[in-house]
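Fold and contact review
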Amino acid sequence: MKLIKTLTAAIFAMGIFSGSALAGSHGDKKDIVDTAVEAGSFTTLVAAVQAADLVETLKGDGPFTVFAPTDEAFAALGMTVQDLLKPENKDKLAAVLTYHVIAGSVMAGDLVDDSTPATVQGSTVTIDLDNGPMVNDANVVTADVAASNGVIHVIDKVLVPEGVL
């Protein structure tokens, strides 16, 4: 119950998604990409998805669960985003981005502490619910943002699979 209250408070406190992205019937929901674009705090993520040619995939039927890093998370990444977006780094970029995606729609209430779900990239991530919801060492700052083809959980750090960067 504490987790649900914390997640609910985070959703309202963050206020990063407009009411239209969260309201309406299922038929009114935008897909994952359009929801991220509309939010306005994922410009780097959207640019990266475009550079890696993953737009059509994430606009597909899904369902997908996306752990979406904010622009601030990308800014803290260590290497410049411009370097990551260069054509010669497309494979690395695709690996990083697909490491943020799990097949299926996994809502916060479905997360299992210490589980290690497989990502679309092929590696696993670790879910930690002991100190607030976390994926690896990234905090989930907003959970359960519904999209027509899945769900987005906003995180405060870019996840990088071992050996990619």
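Going by the structure above, here's the rest.
Residues numbered from 1 in each chain as written. Predicted model: local features only at pLDDT ≥ 70, side-chain atom pairs only at ≥ 80, totals over all residues. Heavy atoms only, no water.

As a further point, take the environment of Asn139. Topologically, Asn139 is positioned in strand E5 (residues 138-147). Each residue touching Asn139, except ones within four places of it in the same chain, is listed here: Pro133, Met134, Val154, Ile155 and Asp156. (Helix = DSSP H or I, 4+ residues; strand = E, 2+ residues; numbered from the N terminus. Contact = heavy atoms within 4.5 Å.)

This brings us to helix H4 (residues 43-51). For H4, every residue scored as buried is listed here: Thr44, Leu45, Val46, Ala48 and Val49. Where H4 is buried, its residues meet helix H3 (32-39), helix H5 (55-58), strand E1 (64-69), helix H6 (71-75), helix H7 (81-84) and helix H8 (90-98). (Buried < 20%, exposed > 50% of the residue type's maximum accessible area, 1.4 Å probe, protein only.)

The buried count for strand E6 (residues 150-155) comes to 6 of 6 residues, which makes it a mostly enclosed element. In terms of strand pairing, E1 meets E6 through 6 bridges, oriented parallel. Note that in E6 the partner of Ala68 across the bridge is Val154. Relative to E6, E5 is paired through 5 bridges, and the arrangement is antiparallel. Considered in E6, the bridge of Ala147 is made with Gly150. (Pairing = 2+ DSSP bridges.)

Moving on, we get to H3. If you check which residues of H3 are buried, you get Ile32, Val33, Thr35, Ala36 and Ala39. Within H3, the buried residues cover an arc of 165° as seen down the axis, which keeps them to one side. Where H3 begins, one side-chain oxygen reaches toward the backbone nitrogen of Val33, 3.0 Å away; that side chain belongs to Asp31. Remark: Gly40 follows H3 within two positions and exhibits a positive phi of approximately 85°. (Arc of directions from axis to C-beta. Polar contact = N/O pair within 3.5 Å; in protein donor to acceptor, adjacent residues only side chain to side chain.)

Further remarks concern the pattern of salt bridges. Tallied over the entire structure, the rule returns 6 salt bridges. Of the charged contacts in the structure, one is a salt bridge between Lys90 and Asp53, with a shortest N-O distance of 2.3 Å. Of this pair, Lys90 sits in helix H8 while Asp53 is found in the loop between H4 and H5, placing the two residues 37 residues apart along the sequence. Using a relative accessible area of 53% as the deciding quantity, one classes Asp53 as exposed. Three or more residues are tied together by salt bridges with common partners; here these are Asp31, Asp34 and Lys59. (Salt bridge = Lys/Arg side-chain N within 4 Å of Asp/Glu carboxyl O.)

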